[in-house]
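Residues per chain are reported as follows:
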Amino acid sequence: MANIIEITKDNFKTEVLDSSTPVLIDFWAAWCGPCRMVAPIVDQIATEMEGTIKVGKVNVDEVPSLAQTYSVMSIPTLILFKGNQQLMQIVGGQPKAAIIAKIKDALK
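Heads up: these notes are all about the structure in this document. Given the structure is predicted, the values throughout are model-derived calculations rather than measurements.

### Brief notes about the pairing of strand 3 (residues 54-59)
Stage number 1. By the criterion of burial, strand 3 is predominantly enclosed, with 5 of the 6 residues buried.
Stage number 2. Bridge count for strand 1 (residues 4-6) against strand 3 is 3 bridges, and the pairing is parallel. By the bridge assignment for strand 3, Ile 5 is matched with Gly 56.
Stage number 3. As paired strands, strand 2 (residues 23-28) and strand 3 are joined by 6 bridges and run parallel to one another. By the bridge assignment, Leu 24 is partnered in strand 3 with Val 55.
Stage number 4. Considered for its hand, the β-α-β crossover made up of strand 2, helix 2 (residues 33-48) and strand 3 is right-handed.

Below, the structure is given as structure tokens:
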């Protein structure tokens, strides 16, 4: 299984903003049904795209400041970062193929 990083306010700068590799962040919460549906897809993407992107998860209940900073109003929300720049954002559940296509398109 791919390495999925738990993102906190303490490691966000190091793991995401300072990363030389693009980072896909999954903003989620334990009580969120659609988040639980997207979680295995995010895990599969982490495995399939290892080496191309890193994957991290932000629990919005534990780190609400990051959700606020990036205007996450609904979960699940996936944001692809490259350094300080947001390359794409997906709100809500989507099929794996659609998510991968959007990631690849954003990385062009």
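Still more ground to cover, so stick around.
### Digging into helix 4 (residues 96-106)
Stage number 1. Burial in helix 4 covers these residues: Ile 99, Ile 100 and Ile 103. Viewed along the axis of helix 4, the buried residues span an arc of 95°, placing them on a single side of the element.
Stage number 2. Contacts from the buried residues of helix 4 go to strand 2, helix 2, strand 4 (77-82) and strand 5 (85-91).

### Remarks on the environment of Lys 9
Stage number 1. With respect to the helices and strands, the residue Lys 9 is situated in the loop between strand 1 and helix 1 (12-17).
Stage number 2. C-alpha separation for the pair Lys 9 and Gln 85, spaced 76 residues apart in sequence, amounts to 17 Å.

### Concerning the packing of helix 2 against helix 4
Stage number 1. The N-to-C vectors of helix 2 and helix 4 enclose an angle of 45°; their axes lie 10 Å apart at closest approach. Between helix 2 and helix 4, the angle falls in the class oblique. The hand of the helix 2/helix 4 crossing is right-handed. The segment helix 2 lies against helix 4, with Ile 41, Gln 44, Ile 45 and Glu 48 engaging Lys 96, Ile 99, Ile 100 and Ile 103.
Stage number 2. A class-by-class count of the residues in the contact of helix 2 with helix 4 yields 5 nonpolar, 1 polar and 2 charged.

### Comments concerning the sheet that holds strand 5
Stage number 1. Reading across from one edge, 1-3-2-4-5 is the order of the 5 strands in this open sheet, with mixed pairing throughout. Strands at the two margins of the open sheet, each flanked by one partner only, are strand 1 and strand 5. Going across the sheet, the axis of each strand differs from the next one's by a mean of 25°, ignoring polarity.
Stage number 2. Where strand 4 lies against strand 5, 6 bridges are found, and the strand directions are antiparallel. Its bridge partner lying in strand 5, Lys 82 is registered against Gln 85.
Stage number 3. Most of the contacts of helix 4 go to strand 5, to which it runs at about 165°, and overall it touches strand 2, strand 4 and strand 5.

Conventions adopted
- Residues numbered from 1 in each chain as written.
- Predicted model: local features only at pLDDT ≥ 70, side-chain atom pairs only at ≥ 80, totals over all residues.
- Heavy atoms only, no water.
- Buried < 20%, exposed > 50% of the residue type's maximum accessible area, 1.4 Å probe, protein only.
- Helix = DSSP H or I, 4+ residues; strand = E, 2+ residues; numbered from the N terminus.
- Pairing = 2+ DSSP bridges.
- Right-handed = clockwise from strand over helix to strand, strands pointing away.
- Arc of directions from axis to C-beta.
- Contact = heavy atoms within 4.5 Å.
- Axes fitted to C-alpha atoms, helices over the stretch in contact; angles between N-to-C directions.
- Parallel < 35°, antiparallel > 145°, perpendicular 65-115°, else oblique.
- Left-handed = near helix turned anticlockwise from the far one by under 90°.
- Nonpolar A, V, L, I, M, F, W, Y, C, P; charged D, E, K, R; others polar.

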